[in-house]
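For reference, the chains in residue letters:
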Amino acid sequence: MPYTFQNIRAKPAAINGLASTMVDIYQKLRRKFTVAERRHYIFCPRDLTRWVFNLLRYDFGVQSLLDCWTYESHRIFSDRLVEESNKKKFKGLVQGTLTNKWKYEPKIKGNFYASFVTGGGTAGAVDEKAGGADSFGVPKELGKEMTRVTQADFHELVKDAIRTYERDYKMLNLLLVPQILDMIAAEDRVISQPGGSLLLVGKAGVGRRATVTVAAHIHHLEVFSPKVSRSYSAKHFRADMQTLVRKAGVEDTRMLLYLEDFQIAFEEMLEAINSLLASGEIPGLFNSAELDPLLAPLKEEFQRDGSYRTVYQFFLSRVHRNVRVVLSLNPDHPRFNLRCQSNPALFTCCTVVWLGEWAKSTMRQVPRLELAQELETEGKKAQSIVELFEKMHATVKLATPLHYVGFIKKYQRLLTEKRSIKVEETKRLKAGLEKLTEASTKVDIMSKEANVKRQQLTKKNAEADGQLKTISQRMSLSAQRKQETEVLERNLKVEEAKLTEKRSKIEAELKDVQPMIEAAQKAVNGIKRDNLNEIRALRIPPQAILDVVMGVLKLLGESDCSWTNMKKFLGSPAVKNTIMEFDARRISPKTRDNVRKLLRKNAQSFDPDRIRRVNRACAPLAAWVKANIRYSDVLDNVKPLEMEKQKATHMLKEAEMRLERCKREKIDLEEEVKRLNQNFRKTTEEAQVLKIELSKTEGILKSAQSLIGKLSGERDRWQNQVAELQAGLEKIPLNALLAAGCITYLGGFAEDEREAKLKEWNQMGHLGEFDFVKFMSKESEILQFKADGLPGDILSIQNALIIQNPTQTPFIIDPNTQATKWLRKELGKSTSVEVVMQQEQRFVNALELSVRFGKTLIVLEVDEIEPILVPVLRKDLTRQGPRWVVQVGEKTLDYNEKFRLFLVTRSASAYLTADLSALVTEVNFAITRSGLEGQLLGITLNKEKPELEAKKSKLLKEEEDMKIQIAGLEQSLLSELASSEGDILENKALIDSLNKTKKQALVISDALVKSKQIGQDLDNQRDVYRPIARAGSNLFFTIDQLKAVNNMYQYSLTSFLQLFRANLETKVAGDPNDLKKRIRTLCRSLLVSTVEYVLSSLFKADRLMFGMHIVHGMFKRQFQKGEWEFFTGEMVMPTGLDIESLPGWTNQLSKRQKATFAHLLSAFPSLAQSLDIGNSGWGSFMENPRCESGEFPAEKAGSISAFQKVLVIKCLRSDRLLEATNQFACKMIGKKSLSPPPMEMELLFQRASKSTPILFTATAGADPSREIEEYALAKVGKAKFQQLAMGSGQGEKALELVQEAARSGGMVLLKNLHLVTTWLPNLEKLLKSLGPTAHDDFRVWLTTEPHGNFPSILLQQSLKVSFEAPPGIRENLLRTYSTWSPAYISQGSKLRARLLFCLAWFHAIMQERRTYVPQGWTKFYEFSSADLRSGADIIDEITGNVSQADRIPWRTLLGLLKNAIYGGRIDSEHDSKTLEVYLGKFFSAKQVSSPSRDKLARVVTIPDSNDHKAFVR
């Protein structure tokens, strides 16, 4: 029997038992779910208290206590759990406890508890403003009583609430599946409590915002959400919070504050919310001056209440009661955990509802609801399609319910669209086939009818011959009468000619004046009503106006020419029609004379120029008066001619009457002939009918048989196409599913990832082959894409189709900007396109205008999505009467359905937070190997064989046109057949048209075949150059992998293309027609130039790694299977290797070395055989100090590859591995060294450009600033050179310096960029925008230390140079002398030059010893170029007046170098002694005397010269 409240109250033991059960469950819960699993699994006694107090909201008189108890436990504890498995564990824990202790099975499945259900089963709101308790005795501060309701009833209640909300506000598009209903119930339980707050954690699209909106609407809560613009600041947030608190505390309005991830513009917002949740107030929200007027309206209510000590406490109590805070956060957001840790009230003061993702049952219910109509037609396949939806979605990492809904809707659109296309094509083909079948049947019938008619015609001809003589006699008489009629007709023509001559004379008279009349009428017709009203408005009109209007009235026969009558006339609605329809023949001579007098008397009034100045409307009237007077005169002159014309016309009519009588007589005679020869005529007519019918039938048969024969090929093809289309119709549902999946999920995937995912989906559904491009487009569309500039690789084409059919706003990752150019051209065909960068000030204005007026907007440089875009991206439209509006920042704008938005970024590493990535369809145009190969091939051909590329482009265009024509002609054939009416065999025009169309199709088909042959020949010629393109593509992707080693090693495709184009200018000695040799040379030179370009930006520690990486990437044939893995240590060493059997010469190896060598021999048997390890020469090899340069002591050493020798040295002589590896890499690449050429500032200046900054990546202790400054001062002078050390607050100043330098052609040095990595995108965007307009001499120099967050785009855009102590003494010396100009060396004595060389040598050794810490130095000392410059300055000072070595103050020099410059960095006594030894060795009179008595090294002698070349030769 269910326990009721009365049962429990009557049994104290039961109360204790229930309390014990609650504590038991609580303790088990804490042990099972800990913070080690999830950070928010923090369960405390407060939860037990909530559990108890919330039970007071239930009526146990009508509801089972244990059911309510169970429901509350799930709401408090289970809603917080993340994994579905954990929820099941908790459910089992509660049910097991109830079963064991209370012998009770909860009955809550299929039921909900809601606060808005009244006793009558209808929704109602909570009145929290009244105090006391409700009808059940529940205190109001606990919230309204919770009532049990079935799922079906709850569904209807929520459905009604949604209907009313959508009618008044906006569409929610909420599917009421059980999980959504459960969410609404959970939210209703919390926000129905005074001050109840929620933390909703879930992925985008799970339904948080919509369900909260419904719950708030049910409870009549005013939803408040910050309107975040791009300038939203703490000041705006404070104002928003003041508005919220004022409404809740002063106006006593129940508010719901809803906050999402994208609205958290700064972390202080959450801190304020945390305070509001924890204490009911936000510290510092109101100052004292604001607080007094705020609280003034509450004093009376405060006094009436009497429960609070101060008005402020009363105010806070209202705020606490009226404000509900709902935070909607995404667990995948990178700051989610940090935000929750920093603001503990989010967990302690909010009811946590972890929504996560939809359950599997929901995932399958959603497509059933959305696609009910579509699935109904699929029959048994419906269930498998629904399951595929869920399975495909589950395979995509970070996919959200929002993606899933978009997936379903895209499937629905594609299915409808593709199915209708297939059905229409099938219908058209079947209609054509039916017509052809019908024609074939009729041809057979007509052939039989034609044979019968031939026999009948022969018989009728014989009968007609016998009656021919009699007929001839009567026909002779009829011919006589006919002759007479012809004579009359000739006479009639003569009379007509005379009449025409008279008419021409009259028309000649009227010819000149008629155009004048027409022109005047046209001008009158153009008079506007406003101009006439303007004349009528004149109280005293000018005389000219009176004269003109008087002339008009007189011509029209008006005698009253007063101004009153004139105004009446001008005001008539038909005034212009009256004038236009006036016939000049009505002018009497008297009227004409009167008007002519007026014209003579007031001629100036009718002058065109004068009257036009007086009034524009009167000028046409004046011209009309004059034209009609002249026309009347002409009519008077031609009056005699008119009379002659009338007379001639009368005579002509009499002649016609005579001719008519003759014709009637002729007809009578012919009728008589007919009566006399009735039998003959009947026979002749029958014979003629037979002949015509036979001729017609034979003609139709001939044309039809020819056409059917010609269309036999089409008939067979159309039948096959119908069969294919019908089979395709069955595949469309599953193909549409794959296509929708590609569009929704795979746009951001790389090419290989897409293929793998499609293969996985295919295997799930056993779908067979699927081609996304063919399914989504036609060949003509793809050809047009390429013609518009889209790269031809498959990835780019797929991306273009995704952009055309997105589920959300496209977010296009386009590092090379090629896709952006194509997009602008593609969109520009149908609409005007607005392009704006997100960082521009006009961005917000452009967005607002585009939304309002339905423009297409492309937003560039979208490295992150600004909050202002979010309402637009998710089309958060609100109803305002008949209009739909959207919130854009602080403005509410009308939303135009034609508005389209495209977001573009060049950053391949652009990151969108989880909540924002779900709002866009990501499309990644990262270059692919095949795409780059095609691009490089095109560049090569444009340089080497431009005519080939031109021919290929022309041929592709011709083929495209011909394919379009072929398709058009075939469609024309089908359309003409399908739309033909009646008997097709009797429609000669149709048959002729079909024949013509078929003939054209055959001609084009033949041309297309020939075109394909020519295209194949051209492709063969183009493929000769493909090796260089393939090598270039492979090379670029090989160096692109370096960013995995160091974030600073990133290179743009643009820079690589510049290298590639420059490489094509390489001249090859020998026969210019030897293409193979040229291609080999180009491949080799491209490799060398690219390696040198990259080496200049690498730190010396990574150069050997780079060399081996390049060799492995470019020369894979040099590595046999497993060798590279052995070299890199990826090959696992097996156990149980036999090292005892190794020869005796290996005894000097360590045990580890022996095992490695044994592993080599066992892994590569052929190498082991070639090594001949029993050879006695291996002992000498082991002792050879340069074993990598000598020959291997093996009989078959020639069969050992260069890399295999490196592997042997790795095992046997690891001390020589670096040198061996270096030699191998240099040999394969074709360089003597892996060191870059010496850095020359002038060369860097020339290689860079106004839009390409020079970026120095320096190591600790290395600073190129001094060298840059010296070069810039010499190049542009002090006035045009600015430098700035970057740090906090320096961003704006740096941008100003860059802008000024761009205008003036100066140079800017920005130092320490690693300190301001978050600001660097601003610099990059500025440089990009300044590029086209900047001065040609403008350069930006940048210095930084390596940093993992350095922006990729700026790295790729820059000319990068690593700056550190060069590897090796020689390279260090070359670096030093590249900074010392020839003028600097020669400006002093030879003694000075020799001392400087000693200093450079000493500096190189000091830096080189750092490579061998702790042997070289005990620690890494930051010996830098500043030390070198200081030493050089001292040498300049002490050698100014000294010409002999023994007169140099050596003690002073050594003391400064030891104690101040180099020694000042040293803090080890051992290192100080080392420094002292080197100083004594290199700085002495013996070293710098001429000739030198000591050498710096075995082969190094100091030149006796002050010529720069003598030191660097």
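Worth saying up front: this structure is predicted, and the values here are computed from it rather than measured.

Draft legend 1. Representation of the sheet that holds strand β13 (residues 891-894) within the structure. Read from one edge to the other, the open sheet built from three strands follows the order β11-β12-β13, with strand pairing classed as antiparallel. Of all strands in the sheet, those with a lone pairing partner are β11 (877-880) and β13, marking the two edges. For this sheet the average axis-to-axis angle between neighbouring strands, irrespective of direction, equals 40 degrees. In this sheet, β13 lies alongside strand β12 (residues 883-888) in antiparallel orientation, the contact comprising four bridges. Bridged to Val 885 within β13 is Asp 894. Across the face of the sheet, helix α37 (residues 843-853) comes into contact with β12 and β13 while running at roughly 35 degrees to β13.

Draft legend 2. The environment of Ile 611, seen in detail. Summarising the element assignment, Ile 611 is placed in helix α27 (residues 608-614). Sequence spacing of Ile 611 and Val 548 is 63 residues, and the spatial spacing of their C-alpha atoms is 8.7 Å.

Draft legend 3. Local environment of the packing of aromatic side chains. Applying the stated criterion to the full structure yields 54 aromatic pairs. A centroid spacing of 5.6 Å and a plane angle of 80 degrees characterise the contact between Phe 1036 and Phe 1037, whose relative ring orientation is edge-to-face. A network of ring pairs unites the aromatic residues Phe 33, Tyr 41, Phe 43, Trp 51, Trp 69, Phe 77 and Phe 90 as a single cluster. A cation over a ring is seen here: Arg 1339 above Phe 1245, with NZ or CZ 4.2 Å from the ring centre. Above the plane of the ring of Phe 1363 lies Arg 1375, whose end atom (NZ or CZ) is 4.7 Å from the centre.

Draft legend 4. Inspection of the side chain of His 333 at higher detail. As for its position among the elements, His 333 is in the loop between β6 (323-329) and α14 (336-342). Not counting the four nearest positions on each side in its chain, His 333 is found in contact with Asp 261, Arg 339, Thr 913, Ala 914 and Asp 915.

Draft legend 5. View of the pattern of salt bridges. A full pass over the atoms with the stated rule returns 60 salt bridges. Between Glu 861 and Lys 1328 there is a salt bridge, and its shortest N-O distance comes to 4.0 Å. Taken together, the positions of Glu 861 in the loop between β10 (856-860) and α38 (870-873) and Lys 1328 in helix α56 (residues 1320-1330) put the pair 467 residues apart, joining distant regions of the chain. Classification of Lys 1328 by relative accessible area gives partly exposed; the value is 34%. Connected through shared salt-bridge partners, Glu 861, Asp 863, Arg 906, Glu 1324, Lys 1325 and Lys 1328 make up one network.

Draft legend 6. Structural view of the sheet that holds strand β8 (residues 809-813). The five strands are arranged β9-β10-β14-β8-β15 in an open sheet whose pairing can be described as parallel. Sheet topology places β9 (833-837) and β15 (920-924) at the edges, where each strand pairs with a single neighbour. Across the sheet, the mean angle from the axis of one strand to that of its neighbour is 20 degrees, orientation sign disregarded. Where β10 and strand β14 (residues 900-905) come together, four bridges link them in parallel fashion. By the bridge assignment, Thr 856 is partnered in β14 with Arg 900. Together, β8, β9, β10 and β14 form the strand contacts of helix α36 (residues 818-827), whose direction differs from that of β10 by roughly 170 degrees.

Draft legend 7. View of the pairing of strand β19 (residues 1339-1344). For β19, the tally of buried residues reaches six of six residues, placing the bulk of the element in the interior. Neither face of β19 is left uncovered, since the one carrying Arg 1339, Trp 1341 and Thr 1343 and the one carrying Val 1340, Leu 1342 and Thr 1344 both have all their residues buried. Judged from the four bridges that link them, strand β16 (residues 1254-1258) and β19 form a sheet pairing that is parallel. Note on β19: the bridge partner recorded for Thr 1257 is Thr 1344. Bridge analysis of strand β18 (residues 1307-1311) against β19 gives four bridges, and the strand direction is parallel. Opposite Leu 1309, over in β19, you have Trp 1341 as the bridge partner. Tracing the backbone out of β18, into α56 and back to the parallel element β19 gives a crossover that is right-handed.

Draft legend 8. Highlighting the pairing of β15. Within β15, four of the five residues are buried, leaving the element largely enclosed by the surrounding structure. Pairing geometry for β8 and β15, over five bridges, is parallel. Across the sheet, the residue bridging to Ile 812 is Val 923, located in β15.

Draft legend 9. Representation of helix α52 (residues 1217-1229) in the model. Its 13 residues place the ends of α52 18 Å apart at the C-alpha level, agreeing with the 18 Å of an ideal helix rising 1.5 Å per residue. The complete set of buried residues in α52 reads Leu 1217, Ala 1220, Thr 1221, Phe 1224, Ala 1225, Cys 1226, Met 1228 and Ile 1229. Structurally, α52 contributes buried residues whose contacts are with α45 (1075-1095), α46 (1100-1114), α47 (1123-1128) and α51 (1202-1212). Of the residues flanking the end of α52, it is Gly 1230, one or two places downstream, whose phi is positive at about 95 degrees.

Draft legend 10. Spotlight on the nonpolar core. Membership of the largest hydrophobic core comes to 172 residues, with the highest contact counts inside it found for Phe 154 and Phe 315. At nine residues, helix α31 (residues 712-745) tops the list of elements feeding residues into this core. Among residues more than four places away in sequence, those in contact with Phe 315 are Val 245, Gly 249, Val 250, Phe 286, Leu 294, Leu 295 and Leu 298. Grouped together as the second largest cluster of nonpolar side chains are 122 residues, Phe 1126, Phe 1224, Leu 1295 and Ala 1301 included.

Draft legend 11. Inspection of the confidence of the model for the protein at higher detail. Taken as a whole, the protein shows an average pLDDT of 83; of its residues, 88% reach a score of 70 or greater. At the low end of the mean pLDDT range in the protein sits helix α1 (residues 5-10), at 48; at the high end sits strand β5 (residues 255-260), at 95. Within the model, the stretch residues 1-8 combines pLDDT values under 50 with 17 contacts to residues more than four positions away or in other chains. Per-residue pLDDT stays below 50 along residues 130-140; that stretch engages in 17 contacts with residues further than four places along the chain or on separate chains.

Draft legend 12. Just helix α40 (residues 929-944), in detail. Here α40 is 16 residues long and its end C-alpha atoms lie 22 Å apart, about the 22 Å a rise of 1.5 Å per residue gives. Restricting attention to buried positions, one finds in α40 the residues Gly 931, Leu 932, Glu 933, Gln 935, Leu 936, Leu 937, Gly 938, Ile 939, Thr 940, Leu 941 and Glu 944.

Draft legend 13. View of the packing of helix α34 (residues 779-787) against helix α35 (residues 794-804). Interaxial distance between α34 and α35 falls to 11 Å at its minimum, and their mutual angle equals 105 degrees. One way to sum up the angle between α34 and α35 is to call them roughly perpendicular. Each of Ile 782, Phe 785 and Lys 786 in α34 lies in contact with α35, whose residues at this interface are Ile 797, Ala 800, Leu 801 and Gln 804. Here the residues of the contact of α34 with α35 are counted per class, giving five nonpolar, one polar and one charged.

Draft legend 14. Examining a positive patch on the surface more closely. Taken together, the side chains of Lys 88, Lys 91, Lys 109, Lys 360 and Lys 391 make up a positively charged region of the molecular surface. Residue placement: Lys 391 occurs in helix α18 (residues 381-394). Residue classification places Lys 391 among the partly exposed residues on the basis of a relative accessible area of 35%.

Draft legend 15. Molecular detail of the packing of helix α60 (residues 1390-1408) against helix α61 (residues 1425-1438). Between α60 and α61, the shortest axis-to-axis distance is 10 Å and the interhelical angle comes to 155 degrees. With respect to their mutual orientation, α60 and α61 come out roughly antiparallel. Between α60 and α61 the crossing geometry is right-handed. Across from Arg 1392, Leu 1395, Leu 1396, Leu 1399, Ala 1400 and His 1403 in α60, the residues of α61 making contact are Ser 1425, Leu 1428, Gly 1431, Ala 1432, Ile 1435 and Asp 1436. Here the residues of the contact of α60 with α61 are counted per class, giving seven nonpolar, three polar and two charged.

Draft legend 16. Up close: unusual backbone geometry. In this structure, Pro 1414 follows Val 1413 across a cis peptide bond, with omega equal to 10 degrees. With respect to the helices, strands and loops of the structure, Pro 1414 is situated in the loop between α60 and α61. Despite not being glycine, His 220 shows a phi value in the positive range, around 55 degrees. Mapped onto the elements of the fold, His 220 is located in the loop between α8 (208-218) and β4 (222-224).

Here is what the cut-offs are and how they apply
Residues numbered from 1 in each chain as written. Predicted model: local features only at pLDDT ≥ 70, side-chain atom pairs only at ≥ 80, totals over all residues. Heavy atoms only, no water. Pairing = 2+ DSSP bridges. Helix = DSSP H or I, 4+ residues; strand = E, 2+ residues; numbered from the N terminus. Axes fitted to C-alpha atoms, helices over the stretch in contact; angles between N-to-C directions. Contact = heavy atoms within 4.5 Å. Phe/Tyr/Trp six-rings, centres within 6.5 Å; stacked < 30°, edge-to-face > 60°. Lys NZ or Arg CZ within 6 Å of the ring centre and 35° of its normal. Salt bridge = Lys/Arg side-chain N within 4 Å of Asp/Glu carboxyl O. Buried < 20%, exposed > 50% of the residue type's maximum accessible area, 1.4 Å probe, protein only. Right-handed = clockwise from strand over helix to strand, strands pointing away. Expected span 1.5 Å × (residues − 1). Core = buried A, V, L, I, M, F, W, Y, C linked by side-chain atoms within 4.5 Å. pLDDT = per-residue confidence, 0-100. Parallel < 35°, antiparallel > 145°, perpendicular 65-115°, else oblique. Nonpolar A, V, L, I, M, F, W, Y, C, P; charged D, E, K, R; others polar. Patch = residues over 30% accessible without salt bridge, like charges linked within 9 Å, V, L, I, M, F, W, Y side chains within 5 Å. Areas by Shrake-Rupley, 256 points an atom, 1.4 Å probe, with all protein chains shown as cover. Lys, Arg positive; Asp, Glu negative; His and termini not counted. Charge placed at Lys NZ, Arg CZ, Asp CG, Glu CD. Left-handed = near helix turned anticlockwise from the far one by under 90°.

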